[in-house]
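# A look at the structure
Next come the chains, spelled out residue by residue.
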Amino acid sequence: MGAECCEQIFIHEELVEKVNKEMPKEEELYDLAELFKVFGDSTRIRILFVLFEAEVCVCDLAEVLHMTQSAVSHQLKILKQAKLVSARREGKSVFYALADDHVRTIIAQGREHIEE
């Protein structure tokens, strides 16, 4: 069953005007939707939880997550493109870390929401 609808059409002009004034531009809405798509994969969420604990290399992530390095690298590329993780090279290894504390906040708020 769909959402309930009004029995009578009446546009609340002031409300519509206020909302339209505050609505972000389409490009920003698109970027926000793309960011949330990144969080729509449980493997990427698992990677972020590992990175909550430590900066790690792909080898470590693959071991912890019981995945191939190739599969982990693919997911890290997506997380890096979304600016959720950062990478630094040390010798022959590349170490990954959370890009900033916003990532923790987003995950924490999501967890809080699903626990309500």
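Look up: the structure comes first, before these words.
First, a word on what this report is: a plain description of the structure on this page. Keep in mind that what you see is a predicted model, and the values were worked out from it rather than measured.

Right, let's talk about the environment of leucine 65 for a bit. As for its placement among the helices and strands, leucine 65 is situated in helix H4 (residues 58–65). Residue classification places leucine 65 among the buried residues on the basis of a relative accessible area of 5%. Placed 29 residues apart in sequence, leucine 65 and valine 94 show a C-alpha to C-alpha distance of 17 Å. Contacts of leucine 65, omitting those with residues within four sequence positions, involve Arg46, Ile47 and Val50.

As a further point, take the sheet that holds strand S3 (residues 93–98). As summarised here, the arrangement of the three strands in space is S1-S3-S2, forming an open sheet in which the pairing is antiparallel. Here the strands that pair on one side only, and so sit at the sheet edges, are strand S1 (56–57) and strand S2 (85–90). Alignment of S1 against S3, held across two bridges, turns out to be antiparallel. Within S3, the residue paired with valine 56 across the bridge is tyrosine 96.

Both the distance between ring centres and the angle between the ring planes are used here to describe each pair of aromatic rings. In the structure shown here, the tally under the stated rule is two aromatic pairs. A centroid spacing of 6.3 Å and a plane angle of 45 degrees characterise the contact between phenylalanine 36 and phenylalanine 39, whose relative ring orientation is tilted. Note on phenylalanine 39: relative accessible area 14%, which makes it buried. Aromatic side chains phenylalanine 49 and phenylalanine 52 sit 5.0 Å apart centroid to centroid with 65 degrees between the ring planes, which places their arrangement in the edge-to-face category. With phenylalanine 49 and phenylalanine 52 both in helix H3 (residues 42–53) and three residues apart, this pair spans about one turn of that helix. Accessibility expressed as a relative area gives 31% for phenylalanine 49, which makes it partly exposed. With a relative accessible area of 15%, phenylalanine 52 lands in the buried category.

It is worth spelling out the packing of H3 against helix H6 (residues 101–114) at this point. Running from amino to carboxyl end, H3 crosses H6 at an angle of 120 degrees, the nearest separation of the two axes being 11 Å. One finds that H3 runs oblique with respect to H6. Two packed elements cross with a definite hand, and for H3 against H6 that hand is left-handed. In this structure, H3 contributes Ile45, Leu48, Phe49 and Phe52 to the contact, and H6 contributes Val103, Arg104, Ile107 and Arg111. Split into classes, the residues belonging to the contact of H3 with H6 amount to six nonpolar, no polar and two charged.

Looking now at a nonpolar patch on the surface. Together, Ile9, Ile11 and Val16 give the surface a local cluster of nonpolar side chains, amounting to about 310 Å² of exposed area. With respect to the secondary-structure elements, valine 16 resides in helix H1 (residues 13–22). Judged by its relative accessible area of 37%, valine 16 falls in the partly exposed class.

The rules we used
Residues numbered from 1 in each chain as written. Predicted model: local features only at pLDDT ≥ 70, side-chain atom pairs only at ≥ 80, totals over all residues. Heavy atoms only, no water. Helix = DSSP H or I, 4+ residues; strand = E, 2+ residues; numbered from the N terminus. Buried < 20%, exposed > 50% of the residue type's maximum accessible area, 1.4 Å probe, protein only. Contact = heavy atoms within 4.5 Å. Pairing = 2+ DSSP bridges. Phe/Tyr/Trp six-rings, centres within 6.5 Å; stacked < 30°, edge-to-face > 60°. Axes fitted to C-alpha atoms, helices over the stretch in contact; angles between N-to-C directions. Parallel < 35°, antiparallel > 145°, perpendicular 65-115°, else oblique. Left-handed = near helix turned anticlockwise from the far one by under 90°. Nonpolar A, V, L, I, M, F, W, Y, C, P; charged D, E, K, R; others polar. Patch = residues over 30% accessible without salt bridge, like charges linked within 9 Å, V, L, I, M, F, W, Y side chains within 5 Å. Areas by Shrake-Rupley, 256 points an atom, 1.4 Å probe, with all protein chains shown as cover. Salt bridge = Lys/Arg side-chain N within 4 Å of Asp/Glu carboxyl O.

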